[in-house]
Structure formats: structure tokens, C-alpha cells
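# Breakdown of the fold
Here is what each chain is made of, one letter per residue.
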Amino acid sequence: VAISTEDGLVSPVLKSVDNLGLAGISAGVRDLATRASENKLGLDDLETGTFTVSNLGMFGINEFSAIITPPQAAILAVGAGEERVIPDEDSETGYRFVEQMTVTLSCDHRVVDGAVGAQWLQAFKGYIEDPQTMLL
């Protein structure tokens, strides 16, 4: 997770995230953010990362390109959700408003092939559009 501190950006690692539920991930990120702001992260908190999530959406940034922190393989840039107009043939007006967000995945192609990154984004999109599937 990319976390901004007074001393700059740090990317502590939430370990074994594949074994955590949403509540566990949320608690782990909160713990890392608290320890980062208190300058209490250890070296073991900064090692062995493979994937980073950077969220500037909470600052109202709609989209951005994040830079991979070596030796990690990829980083997901998450923008703010915003109301957008899309075509809707079933609507009287021919359009409707939806809440959408932009995410950008940067991959180190020495480690992650672009097609694999695209497949991952497709799966991520499915989870975001139907969050209940993450709970099953």
C-alpha cells in the first residue's frame, strides 16, 4: 500500500493478503498507515512486496499513472469515483448517470506480461461491479 507521510511516500507490505477477508485487509491497511504516520514501520514491513495499490481518489484525483516501486511487479492507481453520463436506449432521455472510477495498472513487463495484467484488470472490474462476489 502506498502511504504518504511527512517524510515522503512509503510502501509497506500487507502480507498474506490472499488469506485475509475484506475486514482483515481493511484492519491491516489501517495498522500500516498508523505505524507509517508514527514512523514505527520496521524493515520487515517494507520487504517482499509484489503489488501496490495507490489511491489518490480520496483526494479527488480522477486518474493518474503510478510508478512501480522496485522490486515490486505492479501497481494499481485508483482514482475517485465520479458521476458520468452514459448512453441508455431504455431511458426517455437516451442517457443515464452512473458512478464510475478510473483505475490504471502499471506492470513491470519483465515480470508480468501485459496480457496477464489485462486479464487481472478484467477480473478486478468484475469484482468492483459486483462486490458480493468477493464475499463468496
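Please refer to the structure higher up on the page.
Anyway, here's the lowdown on the structure attached to this text.

So, how was this worked out
- Residues numbered from 1 in each chain as written.
- Predicted model: local features only at pLDDT ≥ 70, side-chain atom pairs only at ≥ 80, totals over all residues.
- Heavy atoms only, no water.
- Pairing = 2+ DSSP bridges.
- Helix = DSSP H or I, 4+ residues; strand = E, 2+ residues; numbered from the N terminus.
- Axes fitted to C-alpha atoms, helices over the stretch in contact; angles between N-to-C directions.
- Buried < 20%, exposed > 50% of the residue type's maximum accessible area, 1.4 Å probe, protein only.

Bringing the sheet that holds strand β3 (residues 51-55) into the picture now. Here we have three strands laid out as an open sheet, ordered β3-β4-β7, and mixed in their pairing. Every interior strand has two partners, whereas the edge strands, β3 and β7 (103-107), have only one. Adjacent strand axes in the sheet meet at a mean angle of 15° when their direction is disregarded. By the bridge criterion, five bridges tie β3 to strand β4 (residues 74-78) in an arrangement that is parallel.

Moving on, we get to unusual backbone geometry. P70 connects to P71 through a cis peptide bond whose omega is 5°. Within the fold, P71 resides in the loop between β3 and β4. Although it is not a glycine, S16 sits at a positive phi angle of roughly 55°. Among the secondary structure elements, S16 is positioned in the loop between β2 (8-10) and α1 (22-37). The partly exposed category is assigned to S16, whose relative accessible area is 46%.

So, to be careful, I would describe these as geometric facts and stop short of saying anything about function.
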